[in-house]
Amino acid sequence: MPITAYITHPSCLLHEMGAGHPECPERLASINDHVIALGLDGHVARLEAPRATREQLGRVHLPAYVDAIAQASPASGLRYLDPDTALNPHSVDAALHAAGAVVHAVDLVVSGAHHTAFCAVRPPGHHAESRRAMGFCVFNSIAVGAAHALEAHGLERVAIVDFDVHHGNGTEEMFSDDGRVLMVSTFQYPLYPYSGVDNPAPNMVNIPLPGGAGSGEFRAAVTDHWLPALERHRPQLIFVSAGFDAHREDPLAGLELADADYAWVTRELMAVAAKHAQGRIVSTLEGGYSLSALGRSAALHIRELVTG
Ligand SMILES: [Zn+2]
């Protein structure tokens, strides 16, 4: 069986935004526990993420923003970037390693060292815009990775798949009207950040779902909208913004997905990747706030990345 890269960094466990914050270090422990419980330990290569460089971040973020985040790092306590998003003394390092994990994953799958990679990192990234942190996100890791694939490796077409329950406004802002990047997503609407429905660019396939929608609506969106768009785009590498907060057990949102939906959508993406992308998928953790549902669902996602 092939070996999937499982990329993380100790700093991602040290970033904390205060007692009771749902985006907590225990999320990574739950994923790791369920990976072991599913018997995947021998099928993943545990790798340490490097830091993203200023050049890599600067492909999607304003250089002045990258500098401002570095300068905002507190010596102690918390510094708030928005009402939900704070830095502790370890957070900037964690955000640099989270983005660096996706860059490293791209290098590994493009070189053929691994066919797929999962980045078990936090903070998440898909809400971070070119010049703004928001929604628990500091640097947009998936966007940094996609830009790396295009600019450093010369890929001509990539796809970003976002099944987090929240719309990936930051990723959309960075790649709107960039024909090299197809973004397909589902998200609950209306829900934070209340974007994604106003006249999206042609390379954005945004499928809003109403609260209460579940497996049937999600699978229809994937089958009727994502897969035909992916088939037309023929991505050479597929990125996944893997948020697991559309799960029915998630406390922050109101979609009703089940564990099996995450295995199913991953299998569908593996089939697209096998056809167009030499099997290459780079996935990174976004949301998911029920520790149990997150661990179970992410482990099933990773199992499909291993076995296809
Ligand atoms: Zn989310």
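In the block above lies the structure referred to throughout.
Structural notes, computed from the coordinates. (Residues numbered from 1 in each chain as written. Predicted model: local features only at pLDDT ≥ 70, side-chain atom pairs only at ≥ 80, totals over all residues. Heavy atoms only, no water.)

**Considering the overall build of the protein chain**
Each helix and strand counted, the protein chain has nine helices and ten strands in total. By the compact-globule yardstick of 19 Å for 308 residues, the protein chain fits well, its C-alpha radius of gyration being 17 Å. For the protein chain, the C-alpha atoms occupy an extent of roughly 50 × 45 × 40 Å along the three principal directions. Taken across its 308 residues, the protein chain has 61% of its residues classed as buried. Contacts spanning at least 24 positions in sequence make up 75% of the contacts within the protein chain whose residues lie at least 6 apart. (Helix = DSSP H or I, 4+ residues; strand = E, 2+ residues; numbered from the N terminus. Rg over C-alpha atoms; globule rule 2.2 N^0.38 Å. Buried < 20%, exposed > 50% of the residue type's maximum accessible area, 1.4 Å probe, protein only. Contact = heavy atoms within 4.5 Å.)

**Things to note about the nonpolar core**
Core analysis: the largest hydrophobic core is formed by 99 residues, its most contacted members being Phe163, Trp226 and Phe239. Residue contributions to this core peak at twelve residues, all from helix α4 (residues 91-111). The contact partners of Phe239, leaving out residues within four places of it in the chain, are Val102, Val106, Ile142, Gly145, Ala146, Ala149, Val158, Ala159, Ile160, Val161 and Val282. (Core = buried A, V, L, I, M, F, W, Y, C linked by side-chain atoms within 4.5 Å.)

**Looking at empty space enclosed by the protein**
Summed over the entire model, instances satisfying the criterion amount to one cavity of 30 Å³ or more. In this model, the largest cavity occupies a volume close to 30 Å³. In terms of lining residues, the largest cavity is bounded by Phe163, Asp164, Val165, Thr186, Leu209, Phe218, Ala246, Leu255 and Leu257. Its residues placed into classes, the lining of the largest cavity shows seven nonpolar, one polar and one charged. (1 Å grid on protein atoms, 1.4 Å probe; cavity = no way out; pocket = protein on both sides within 12 Å on 5 of 7 lines; lining within 4 Å. Points joined across faces, edges and corners; volume = space filled by probe spheres on them. Nonpolar A, V, L, I, M, F, W, Y, C, P; charged D, E, K, R; others polar.)

**Considerations on helix α5 (residues 141-151)**
With ten of eleven residues buried, α5 is to be regarded as a mostly interior element. Of all the positions in α5, only Ser141, Ile142, Ala143, Val144, Gly145, Ala146, Ala147, His148, Ala149 and Leu150 are classed as buried.

**Quick look at the sheet that holds strand β2 (residues 44-48)**
Adjacent strands of a sheet form backbone hydrogen bonds with each other and so pair up, either parallel or antiparallel. A sheet is described by the order of its strands in space; here eight strands give the open sequence β2-β1-β5-β10-β9-β6-β7-β8, paired in parallel fashion. Only two strands of the sheet have a single neighbouring strand rather than two, namely β2 and β8 (204-209). Taking each pair of neighbouring strands and ignoring which way they run, the sheet shows an average axis angle of 15 degrees. Of the pairings in the sheet, the one linking strand β6 (residues 158-162) to strand β7 (residues 181-188) comprises five bridges and is parallel in character. Its bridge partner lying in β7, Ala159 is registered against Leu182. Helix α9 (residues 291-307) contacts β1 (4-8), β2, β5 (116-119), β9 (237-242) and β10 (281-285) of the sheet and is inclined by roughly 160 degrees relative to β5. (Pairing = 2+ DSSP bridges. Axes fitted to C-alpha atoms, helices over the stretch in contact; angles between N-to-C directions.)

**Section: the side chain of Ser241**
Tracing the backbone through its elements, the reader meets Ser241 in strand β9. Separated by 2.7 Å, the side chains of Ser241 and Glu286 make a polar contact. In this view, Ser241 contacts His126, Ile142, Val161, Asp162, Phe163, Asp164, Thr284 and Glu286; residues no more than four positions away in its chain are not counted. (Polar contact = N/O pair within 3.5 Å; in protein donor to acceptor, adjacent residues only side chain to side chain.)

**Examining helix α8 (residues 259-276)**
Helix length check: α8, at 18 residues, gives a terminal C-alpha distance of 27 Å against a target of 26 Å (1.5 Å per residue), a fit within 8%. Here α8 has its buried residues at Asp259, Asp261, Tyr262, Ala263, Trp264, Val265, Thr266, Leu269, Met270, Val272 and Ala273. Of the surrounding secondary structure, the elements contacted by the buried residues of α8 are β5, β6, α7 (215-233), β9, β10 and α9. Directly after α8, the chain includes Gln278, whose backbone phi takes a positive value near 55 degrees. (Expected span 1.5 Å × (residues − 1).)

**Overview of the packing of aromatic side chains**
The description of an aromatic ring pair uses the distance of the two centres, along with the angle that the planes make with each other. Under the counting rule described, the total for this entry stands at eight aromatic pairs. Arranged with centres 6.2 Å apart and planes meeting at 35 degrees, the rings of Tyr6 and Phe118 form a pair that is tilted. Within this pair, whereas Tyr6 is found in strand β1, its partner Phe118 is found in strand β5, the two being separated by 112 residues in sequence. Judged on exposure class, the residue Tyr6 and its partner Phe118 are both buried. Taken together, the aromatic side chains of Phe163, Phe244 and Tyr262 make up a single cluster linked through ring pairs. Looking at Arg46, its charged tip hangs above the ring of Tyr6, at a distance of 5.0 Å from the centre. (Phe/Tyr/Trp six-rings, centres within 6.5 Å; stacked < 30°, edge-to-face > 60°. Lys NZ or Arg CZ within 6 Å of the ring centre and 35° of its normal.)

**Details of the layout of surface pockets**
Here the largest pocket defines a volume of roughly 170 Å³. What lines the largest pocket is a set of 15 residues, and nearest its centre among them are His127, Gly135, Phe136, His166 and Tyr192. Class assignment of the residues belonging to the lining of the largest pocket gives a composition of six nonpolar, five polar and four charged.

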